[in-house]
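# Working through the structure, step by step
If you want the building blocks of each chain, they are given just below.
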Amino acid sequence: MSTEPLPGPRGTRMVQFTQAAIGVCLCSTAELGIRILVLHPRSERSFWGFAVVGLTDLCPSPGVLVGVVLRYGIHVPSDVNNVTLSCQVQTSPATLLVNVSGKFYEYTLKGEISAQELNNVQDNEMLRKVTFDPEVFFNILLPPIIFYAGYSLKRRHFFRNLGSILAYAFLGTAISCLVIGSVVYGCVALMKVTGQLGGDFYFTDCLLFGAIVSATDPVTVLAIFHELQVDVELYALLFGESVLNDAVAIVLSSSIVAYQPAGDNSHTFDVTAMFKSIGIFLGIFSGSFAMGAATGVVTALISFSLFGFPLLETGLFFLMSWSTFLLAEACGFTGVVAVLFCGITQAHYTYNNLSTESQHRTKQLFELLNFLAENFIFSYMGLALFTFQNHVFNPTFVVGAFLAIFLGRAANIYPLSFLLNLGRRNKIGTNLQHMMMFAGLRGAMAFALAIRDTATYARQMMFSTTLLIVFFTVWVFGGGTTAMLSCLNIRVGVDADQENVGVPESERRSTKAESAWLFRMWYNFDHNYLKPLLTHSGPPLTTTLPGCCGPVARCLTSPQAYENQEQLKDDDSDLILNDGDISLTYGDSTVNTDSVASTRRMPWTGSWLLGTMNS
Amino acid sequence: LAGSIQKYVSVKDEDHFYHQGAVELLIFNFLLILTILTIWLFKNHRFRFLHETGGAMLYGLVMGLIIRYVTKSPDVESGTVYECEKLKSGPSTLLINITNQVYEYQYKREISHHNVNGHQGNAMLQKMTFDPSIFFNILLPPIIFHAGYSLKKRHFFRNLGSILTYAFLGTAISCIVIGLIMYGFVKAMVHIGQLKQWEFHFTDCLFFGSLMSATDPVTVLAIFHELNVDTDLYTLLFGESVLNDAVAIVLTHSISIYSPKENPNAFDAAAFFQSVGNFLGIFAGSFAMGSSYAVVTHLTKFTKLCEFPMLETGLFFLLSWSAFLSAEAAGLTGIVAVLFCGVTQAHYTYNNLSPDSKMRTKQLFEFMNFLAENVIFCYMGLALFTFQNHIFNPLFIFGALVAVFVARAANIYPLSFLLNLGRKQKIPGNFQHMMMFSGLRGAIAFALAIRDTNSQPQQMMFSTALLMVFFTVWVFGGGTTPMLTWLQIRVGVDPDEDLKAKAASQSASDLDKNTTKAESAWLFRIWYGFDHKYLKPLLTHTGPPLTSTLPEWCNPIARLLTSPTAYGDQLKDGDTVYIINNDELTENYDSSAHIPVPAQDSTGSIQATGKEDIQEGDLGLGGYKLQLQHTADQPQKNSLA
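Just so it is clear, the model here is predicted, and its values are computed rather than measured.

With that out of the way, let us pick up the overall build of chain A. Check the secondary structure of chain A and you find 26 helices and three strands. Per-residue burial over chain A gives 58% buried out of 615 residues. Partitioning the intrachain contacts of chain A with sequence separation of at least 6 by distance along the chain shows that 80% fall at a separation of at least 24. Counting every atom, chain A has about 23,700 Å² of accessible surface; 65% of that belongs to carbon and sulfur.

Dropping the structure here:
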């Protein structure tokens, strides 16, 4: 019978797949279920003082439960008769055909295995099935999260604090990476002395660890902030920092990996190699940035004409965003970073071109994807604590790492805040600084970076430690956020509008004039040329371009912009309101008329996507 | 370890291994974006000859052509195969020691002898070939779920009997007819001498018949929807095609399991009955699994989840997916489970959702359906050139073409004749012709054919199925509009008027229908009575509270299980809702009884109508008939009132 399904005892790739998928699906379902039960009574009583446990702080717990069950509860007889074959091939082929007693089997390369793992490999088939290819995280789960984050960044407070956020994200991450690297290196040196080290651990590894755990991800804290309406300034600072942080940490870690000094001793300091690494960092970052922004603009141009079919619009939006990621990966840039900037650009331009219904749909789609991906990662983390088979837990290293992340965070926040306060009109208060220090949770990004490569001893130890750090920070810091807020006397229940009124007009103006001239120029340019070119809003190009460009301008402006021309005046006032987002300077207290669309009730955490603050 | 090992290498750069997949996926994205833009253009200009799926296929074809003939394979293949005496069977993991570095290899599949050479063609082509399980595990479930989710419409239930007949009996007939004709052609091919190298058994023919029996008239349905073609025709076609898929999948599975003991060509009664039993078992099991998952979802009524629309949507999505996976794990057919899960969820769970999540859920599945469908059709276009083991045999293809037509005719005409004997509202000749014409093949046939392409008969079947899909989608899909005019099928039918006319004719021949319905629909009536009294209150917030419907001694349990919102003013409304509700299926079971009800309590009835409108009209009609249905409800009920 030729149509027989795959024969043999393990002709069951299907089953393997399904089991893996089930493990995870059930896991996330269970997680959701628990979440529903837990969250339920809480949210009903979410008034001040009551410990509103955030959304993600329980995330890993069901994963942990399932992990324990899989590890200790289920003993699958290991039917893998692994045979180590020796052969004369020089390279490792990606596919392998093996002739076993007349039948040909195809095998695909899965990875390299270090010597000490040889015995572990066949340990438990079930554990193996629920272990995912690390690339899944980078290629499937992270992009929606990051894209959504970028997509949510379109807020006035973000742009107002852009300078500080960039400082924290770039300088801060670099500082944090260096500090953590050095502290951990000290720790490793200590371990070497006491003889606890079971393998090589170089300074570059320490730096890599620093880069990995520098990616903060305070979802829990932000969710609580949002619920309690904590000071918007603090919120914007933390959120902006954490989003850009991730991008910096990814690129940083890949350039540290690329650091390879010439010569025999491959782990000494080498100036050229270091500059090369820095060059790689800058190259990848700006490349990804350019690619993301470019595809964002392309999407805007395409969606410029596409109108009236919400399904098609949403589909296009989704596909374009994903293409950005893939394109960047294919070109050797970092897809996640490209997606982040693509999200920001799209939120700025493309979003305006979509019809109201597609705006809704798109937002909800990405919200859901973000939600699912985030929960999946956190559940998987819990699972990985038990199912990952090569954990290396070293108490000294763990303690050292904890110490290092605190020091790194402190060295990031306090000095930078001090410097920023010198320039800022609206100082970052000490209690805000403490809160930012406290909110240095580690999350999905650190995990994904750590699990990406677990081939060597050093990497395995890093992975195990990162996992512990994530657990600890999410549970302890995440759980303690509310307590900390009241302890630090941070204002909660702040109405964003009221706050704006509080600041005297003249003062605001002068502040802005000092700090934001660069942004003002950019925004004028953006408003006068880019917005009309890429979206249906803004004044028609014919009015903003000099006379000589008239013909060009005319063919580039959308017909709708002309129709708007009668409302040009309206438009201008709109502009001011719109730009109120960015440079409050033009500002007035009527910011909340910003747009009707943005005050739509968005029921979940992501509701601040379009700003609940101005409602 | 000594194993006399030769090698088969397709060298790949380690760096490229990292970004593997990005380029291929990018190509797909690019094709889909192109498709979307084209479709937008077509929709804007109201071209109806090319549906989005046809467009996707076209682009896939072009891209496949480019990849096939423009890209050069950079690989220098040394096509040798390792031999290893130590292994008795292929283990799932293989550790290979290559110059002192151990590599881990994972089992992928078995390859038949004659494929070993074809296997090492162009690396790009190989990369563009997806694992067939992707279709079954990732792309088909959303499509099927969406279809099931859209099935809850009154016209569907009104025509349930006919639809089931077409789907079950019709598919079986079609499968057997195609199998027989193909067997004849295969015999002829053997006679001519075209089929020397391998055998093509009768079971293979039947297998081909069952996979070609899955019709998928998306193109036609989209046009019908746009032109507002007669709703009865629409429902018949849509319902048939959805259930059809489920039947064809299970049928294929049981045919592939059918393995007589000795001679594979001889008929073996035991094996045959085993296959039939298998069919029934899998179908029933999948049905039960899907429904039970849906029931689990219903329990959301006890939470206040509706305050969090996104959680609700997430839960909905995850549970539907779990239904698929657990059915697969239990050895049942996941797709069938998902289908019934969708149907049941549309019926019960949907009522528990908040309006916001209703919208979200509907849109989410619509979106996923859209993407998955276009990806599959796009891949079909690609596969025509990138699949490396095509076997095109002109005679076989010609035979398949003939067989598909004959089988479709043998499905539609006799069954319609039989059904017309029992139906009050006959299926007219032009409808039959149209149904005959709409026998397009699509995603399911393709997915079934690509599932296993190891042996030569399977490869030939795959190539032929691919061509059939192309032919039917382009030719029939493109010819739908001319065909409609040619057959003089009413377009632009306003469903309201349609129903009004029917209502008028009903009252004319009341007595007559009473008897008809009493005969045919009593089973459904019983079911719906049960459904309304016990299941709906148990699983949703609607319907009368259980306390009133259950016997007295169950009172404590009933009180526990009824949701608090079911109490209160619900009770009185509930009953009228019930009657109006049921009116859909046993439409004129007792049409004179409608008149007194609203007369008794006209305000209640109006309220109820409104409520029912919200529930029915919103109910996940997907992209298709939302508006249509929504407007359909009110006037009819008003006219009854």
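Following the structure, the description resumes.
A few words now on the confidence of the model for chain B. Residues and elements named next belong to chain B. Averaged over every residue, the pLDDT of chain B is 71; the share at 70 or more is 61%. Per-residue pLDDT, averaged within each element of chain B, yields its smallest value for strand β1 (residues 8–9) (32) and its largest for helix α17 (residues 394–422) (89). The low-confidence segment residues 1–18, where pLDDT is below 50, has 55 contacts with residues more than four positions distant or belonging to other chains. On the interface metric, ipTM, the complex scores 0.72, and its pTM is 0.75.

On to the nonpolar core. One finds A:Phe447 and B:Phe446 to be the most contacted residues of the largest nonpolar core, which totals 283 residues. The element best represented in this core is helix α16 (residues 355–386) of chain B, accounting for 16 residues. With residues up to four places along the chain from it excluded, the contact list for A:Phe447 reads A:Phe137, A:Ile377, A:Tyr380, A:Met381, A:Ala384, A:Phe463, A:Thr466 and A:Leu467.

All names here are of chain B. Compared with an ideal rise of 1.5 Å per residue, which puts 27 residues at 39 Å, helix α11 (residues 231–257) spans 39 Å between its outermost C-alpha atoms and is within 8% of the ideal. α11 sits mainly inside the fold: 25 of its 27 residues count as buried. You can read the cap of α11 off the contacts: a side-chain oxygen lies 2.9 Å from the backbone nitrogen of Asp 232, and it is on Asp 230.

All names here are of chain B. Throughout the structure, instances matching the rule amount to 17 cavities of 30 Å³ or more. Roughly 210 Å³ of volume is contained in the second largest cavity. Taken together, 18 residues make up the lining of the second largest cavity; nearest its centre are Ile 143, Ala 147, Asp 216, Val 218 and Glu 373. For the lining of the second largest cavity, the secondary structure elements donating two or more residues are α6 (133–149), α10 (218–227), α11, α16 and α19 (443–450). Per-class residue counts for the lining of the second largest cavity are eleven nonpolar, four polar and three charged.

This next bit is on the packing of helix α15 (residues 395–423) of chain A against helix α16 (residues 430–438) of chain A. Residue and element names in this part refer to chain A. Contact geometry for α15 and α16: axes closest at 9 Å, N-to-C directions at 150°. In this view, α15 runs roughly antiparallel relative to α16, as classed from their interaxial angle. At the point where α15 passes α16, the crossing takes the right-handed sense. Residues Phe 406, Arg 409, Ala 410, Ile 413, Tyr 414, Ser 417 and Asn 421 of α15 pack against Gln 433, His 434, Met 436 and Met 437 of α16.

So, on to the environment of B:Met434. Residue and element names in this part refer to chain B. Tracing the chain through its elements places Met 434 in helix α18 (residues 429–437). Owing to a relative accessible area of 0%, Met 434 belongs among the buried residues under this scheme. The spacing of Met 434 and Thr 480 is 46 residues in sequence and 8.7 Å in space, taken between C-alpha atoms. Those residues in contact with Met 434 that lie beyond four places of it in its chain are Phe 224, Leu 233, Thr 480, Met 483, Leu 484, Leu 487 and Ile 489.

With that out of the way, let us pick up the packing of helix α9 (residues 232–258) of chain A against α16(A). All names here are of chain A. Relative orientation of the contacting elements α9 and α16 amounts to 35°, with a least axis distance of 11 Å. Pair α9 / α16 crosses with right-handed handedness. Along its contact with α9, which presents Leu 234, Leu 237, Leu 238 and Glu 241, the element α16 presents Leu 432, Met 435 and Met 436. Broken down by class, the residue content of the contact of α9 with α16 amounts to six nonpolar, no polar and one charged.

Moving on: the side chain of B:Thr53. Along the chain, B:Thr53 turns up in helix α3 (residues 52–69). Sequence-distant contacts of B:Thr53, defined by excluding residues within four places in its chain, comprise B:Val218, B:Thr219, B:Glu373, B:Asn374, B:Phe377 and B:Val473.

Unlike most non-glycine residues, A:Asn489 shows phi in positive territory, near 60°. Mapped onto the elements of the fold, A:Asn489 is located in the loop between α19 (481–487) and α20 (496–502). In this structure A:Asn489 comes out as exposed when scored by relative accessible area, which is 63%. Phi at B:Gln488 takes a positive value of approximately 55°, unusual for a residue other than glycine. Residue placement: B:Gln488 occurs in the loop between α21 (480–486) and α22 (495–508).

Now for the environment of A:Ala411. Residues and elements named next belong to chain A. Within the secondary structure, Ala 411 sits in helix α15. When the C-alpha positions of Ala 411 and Ala 223 are compared, they lie 25 Å apart, and in sequence the two are 188 residues distant. Aside from chain neighbours lying at most four places away, what touches Ala 411 is Ile 175 and Val 179.

Turning next to the packing of aromatic side chains. Here a ring pair, both rings aromatic, is described through the centre-centre distance and the interplanar angle of the planes. All names here are of chain B. Under the counting rule described, the total for this entry stands at 43 aromatic pairs over all chains. Look at Tyr 183 and Phe 202: their rings are 5.0 Å apart centre to centre, the planes differ by 75°, and that puts the pair in the edge-to-face class. Of this pair, Tyr 183 sits in helix α8 (residues 160–192) while Phe 202 sits in helix α9 (residues 202–212), and the two are 19 residues apart along the sequence. Given the relative accessible area of 28%, Phe 202 is considered partly exposed. An angle of 45° between the planes, with centres 5.8 Å apart, marks the rings of Phe 446 and Phe 462 as tilted.

A few words on the environment of A:Ala290. Along the polypeptide, A:Ala290 turns up in helix α10 (residues 271–305). A C-alpha to C-alpha distance of 8.3 Å links A:Ala290 and A:Phe341, two positions 51 residues apart in sequence.

Next up on the list: α3(B). Helix length check: α3(B), at 18 residues, gives a terminal C-alpha distance of 26 Å against a target of 26 Å (1.5 Å per residue), a fit within 8%. Listing the buried residues of α3(B) in full gives B:Glu52, B:Thr53, B:Gly54, B:Gly55, B:Ala56, B:Met57, B:Gly60, B:Leu61, B:Met63, B:Gly64 and B:Ile67.

Okay, the pattern of salt bridges next. Tallying each qualifying case throughout the model produces six salt bridges over all chains. As a salt-bridge pair, A:Glu367 and B:Arg360 come within 3.5 Å of each other at their nearest N and O atoms. With one member in each of two chains, A:Glu367 in helix α14 (residues 356–387) and B:Arg360 in helix α16 form a pair that bridges those chains. A relative accessible area of 5% places B:Arg360 in the buried class.

Next up on the list: the confidence of the model for chain A. Low-pLDDT stretches of the model should not have their predicted coordinates read in fine detail. Residue and element names in this part refer to chain A. Looking at chain A, pLDDT values average 70 and 57% of them are 70 or higher. Mean pLDDT across the elements of chain A ranges from a minimum in helix α26 (residues 568–579), with 36, to a maximum in α15, with 89. Confidence drops under a pLDDT of 50 for residues 499–515, and excluding neighbours within four residues, the segment shows 25 contacts in the predicted structure. A low-confidence stretch, residues 564–615 (pLDDT under 50), is modelled with 105 contacts involving residues beyond four sequence positions or located in other chains.

Here is what the cut-offs are and how they apply
- Residues numbered from 1 in each chain as written.
- Chains lettered and ligands numbered in written order.
- Predicted model: local features only at pLDDT ≥ 70, side-chain atom pairs only at ≥ 80, totals over all residues.
- Heavy atoms only, no water.
- Helix = DSSP H or I, 4+ residues; strand = E, 2+ residues; numbered from the N terminus.
- Buried < 20%, exposed > 50% of the residue type's maximum accessible area, 1.4 Å probe, protein only.
- Contact = heavy atoms within 4.5 Å.
- Areas by Shrake-Rupley, 256 points an atom, 1.4 Å probe, with all protein chains shown as cover.
- pLDDT = per-residue confidence, 0-100.
- Core = buried A, V, L, I, M, F, W, Y, C linked by side-chain atoms within 4.5 Å.
- Expected span 1.5 Å × (residues − 1).
- Polar contact = N/O pair within 3.5 Å; in protein donor to acceptor, adjacent residues only side chain to side chain.
- 1 Å grid on protein atoms, 1.4 Å probe; cavity = no way out; pocket = protein on both sides within 12 Å on 5 of 7 lines; lining within 4 Å.
- Points joined across faces, edges and corners; volume = space filled by probe spheres on them.
- Nonpolar A, V, L, I, M, F, W, Y, C, P; charged D, E, K, R; others polar.
- Axes fitted to C-alpha atoms, helices over the stretch in contact; angles between N-to-C directions.
- Parallel < 35°, antiparallel > 145°, perpendicular 65-115°, else oblique.
- Left-handed = near helix turned anticlockwise from the far one by under 90°.
- Phe/Tyr/Trp six-rings, centres within 6.5 Å; stacked < 30°, edge-to-face > 60°.
- Salt bridge = Lys/Arg side-chain N within 4 Å of Asp/Glu carboxyl O.

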